[in-house]
Amino acid sequence: MSHDATIPTVDLADLRSSDPEAKRRASEAILEGFGRYGLVYVRTHGVSDAGQLYDRFLDFCARPDAEKQPYNRGDLWYQRGWTPPNTEKAVVASGQPDFKECWFAAPIPIDPSTVDEFPEIACANVWPEGDAGFAEEYTKIGAELHEAGLALLRGAALALGLDEHALVKGCEGAPHVFRLLRYLPLTQQQIDDKVLWGEEHTDFNLLTLLPGGRFHAPDGSVSKAPDDRSGLYLRTRPTPEHPEGRMLRGSAPPGCIVAQVGQQLEILSGGAFLATPHVITAPGVPGWSRVSGAHFVHLHSREVLSPLPPFRTPEALRAYSPPVLAGTYGIKTLVDIELAPPSAIDKLGYRHYDRLASLRAQPA
Ligand SMILES: [Fe+2]
């Protein structure tokens, strides 16, 4: 694995500027970053420091298990509240659940008309009792990340030659979700076994914003990473020299956040932008933990996932078919990563069979 300083940085001030040169600079950075790496660094992003929010989350994580269990909302497919350790599994990984505990909440109001259709995805937030400021801090930073994401999506649309609003118009009222994550301390045995904090995967949403995180030493103090092998690594597109791609460290320059392409944006762009395969590695010494956040910008659950008109080549249509609703795609993925039960898939259009079976089972 290697560090690569060539991942571009997009300055959101350039996107807002009326100077054509600044806009061109931002457009080129987006095309290069999202097209080649599936990731850009973002400057002048307007996102507050998340340190206090992380403190609040760690206070919650430190509560006794019995106090945390009421927020363990498997009934909501963990889309709200607390996700216990060893719950989520990355697709195409080794089958090892990730070593993390999380909190999920929606920082932006969701279209109420989707609640009946997608009850687990569009559900109301839950918040930990005993910390009145948690929700306010959470939604503030989540909303700031969301605004940065929308600005990038407007820039991405222009960079692709689309109308400026072509991508953001499908985001309104969508089930955007902001997640806090605590990666758990590993033992020496787990390190020797090459256990990862987060297995390799691509995100299934439109765009992911990462505000950056911090490491905690075994005594709990905030500290610099004990080595340079821990953190976010991404896999680049394959090339003849590197048919499996290369693993690059996604380490943002000071003051920048990270934005990653998700599967929905890859599909809409017919593969022009690439959903980033990424992995979260732990340090090579035991006992260290990490806290971080990720805001997932989604398409509205009723948007159709299919390449947009300029990208509807026969090759792209074959690669990204059949078309599916973004909400249905979400259900399928949540089943795949074992947050939703497999029975959620059986509800997709198959209820008629259940009805027929129950009718036929009636006594004559
Ligand atoms: Fe991810």
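Scroll up to find the structure this text is about.
The rules behind these values
Residues numbered from 1 in each chain as written. Predicted model: local features only at pLDDT ≥ 70, side-chain atom pairs only at ≥ 80, totals over all residues. Helix = DSSP H or I, 4+ residues; strand = E, 2+ residues; numbered from the N terminus. Rg over C-alpha atoms; globule rule 2.2 N^0.38 Å. Buried ≥ 20, exposed ≤ 12 C-beta atoms within 10 Å, placed from the backbone. Contact = placed C-beta atoms within 7 Å. Axes fitted to C-alpha atoms, helices over the stretch in contact; angles between N-to-C directions. Parallel < 35°, antiparallel > 145°, perpendicular 65-115°, else oblique. Left-handed = near helix turned anticlockwise from the far one by under 90°. Nonpolar A, V, L, I, M, F, W, Y, C, P; charged D, E, K, R; others polar. Expected span 1.5 Å × (residues − 1). Core = buried A, V, L, I, M, F, W, Y, C linked by C-beta atoms within 7 Å. Pairing = 2+ DSSP bridges.

Colleague: So what exactly am I meant to see when it comes to the overall build of the protein here?
Modeller: Helix and strand counts for the protein stand at eleven helices and 17 strands. Over its C-alpha trace the protein gives a radius of gyration of 21 Å, about what one expects of a compact globule, namely 21 Å for 364 residues. In terms of overall dimensions, the protein has C-alpha extents of about 75 × 55 × 45 Å along its principal axes. Counting only residues that meet the buried cut, the protein has 41% of its 364 residues in that class. For the protein, contacts bridging at least 24 residues in sequence account for 77% of all contacts bridging at least 6.

Colleague: Is there a simple way to think about the packing of helix α3 (residues 51-61) against helix α5 (residues 132-159) in this case?
Modeller: Angle between the axes and distance between the axes: these two values describe a pair of packed helices. At their nearest, the axes of α3 and α5 sit 10 Å apart, and the two run at 135 degrees to each other. The orientation of α3 with respect to α5, classified from their angle, is oblique. Viewed along their axes, α3 and α5 form a crossing whose handedness is left-handed. Contacts between α3 and α5 involve Q52, L53 and R56 on the former and, on the latter, G133, F134, E137, Y138 and I141.

Colleague: I'm lost on the packing of helix α2 (residues 20-37) against α5 in this one. Help?
Modeller: Here α2 crosses α5 at 90 degrees, and the two axes come no closer than 9 Å. Considering the angle they form, α2 stands roughly perpendicular to α5. Within the contact between the two elements, α2 uses A26, S27, I30, L31 and F34 and α5 uses G155, A156, L158 and A159. Of the residues belonging to the contact of α2 with α5, the class tally is seven nonpolar, two polar and no charged.

Colleague: Explain α5 here, please?
Modeller: Each α-helix turn comprises 3.6 residues. Residues three or four places apart therefore point the same way. Taking 1.5 Å of rise per residue, the 28 residues of α5 would be expected to cover 40 Å, and the 42 Å separating its terminal C-alpha atoms lies within 8% of that figure. G161 sits one or two positions beyond α5 and adopts a positive phi of about 85 degrees.

Colleague: What am I meant to see in the nonpolar core here?
Modeller: Among soluble globular proteins, nonpolar side chains are generally buried collectively. Among the nonpolar cores identified, the biggest contains 93 residues, and V40, L152, A156 and L207 are the most heavily contacted of them. Considering each element in turn, this core owes the most residues, eleven residues, to α5. In contact with L207, other than residues within four places in its own chain, are G149, L152, L153, A259, V261, G262, L265 and V297.

Colleague: Is there a simple way to explain the pairing of strand β15 (residues 289-297) in this structure?
Modeller: Regular strands have side chains that alternate between both faces of the sheet. Along β15, nine of the nine residues are buried, which leaves the element largely enclosed by surrounding structure. Neither face of β15 is left uncovered, since the one carrying S289, V291, G293, H295 and V297 and the one carrying R290, S292, A294 and F296 both have all their residues buried. Both strand β8 (residues 207-210) and β15 contribute to a ladder of three bridges, which runs antiparallel. From the neighbouring strand, T208 faces β15, where its bridge partner is F296.

Colleague: Mind showing me how you'd approach unusual backbone geometry here?
Modeller: Both trends apply: most residues other than glycine have a negative phi, and most peptide bonds are in trans. Here the amide bond leading from S321 into P322 is cis, since omega sits at -5 degrees, within 30 degrees of zero. Topologically, P322 is positioned in the loop between α8 (314-319) and β17 (324-325). Located in the positive-phi region is E338, a residue other than glycine, with phi close to 65 degrees. Relative to the helices and strands, E338 resides in the loop between α9 (326-336) and α10 (343-346).

Colleague: Is there a simple way to think about the environment of R290 in this case?
Modeller: Its location among the elements puts R290 in strand β15. The contact partners of R290, leaving out residues within four places of it in the chain, are Y183, W197, G213, R214 and F215.

Colleague: Please clarify how the pairing of β8 should be interpreted in this entry.
Modeller: Side chains L207 and L209 project from β8 onto one buried face, and the interleaved T208 and L210 project onto a second face that is buried too. Across four bridges, the pairing between β8 and strand β13 (residues 257-261) is antiparallel. Paired with L209 across the two strands is A259, which belongs to β13.

Colleague: Can you walk me through the environment of G130 in this structure?
Modeller: Examined against the element boundaries, G130 turns out to sit in the loop between β5 (100-105) and α5. With 70 residues separating them in the primary sequence, G130 and F60 have C-alpha atoms 9.4 Å apart.

Colleague: Any chance you could explain the environment of T9 here in plain terms?
Modeller: One can find T9 in strand β2 (residues 9-11). With 160 residues separating them in the primary sequence, T9 and K169 have C-alpha atoms 25 Å apart. Ignoring sequence-local partners within four residues, the contact set of T9 consists of A29, V40, Y41, R43, P253 and C256.

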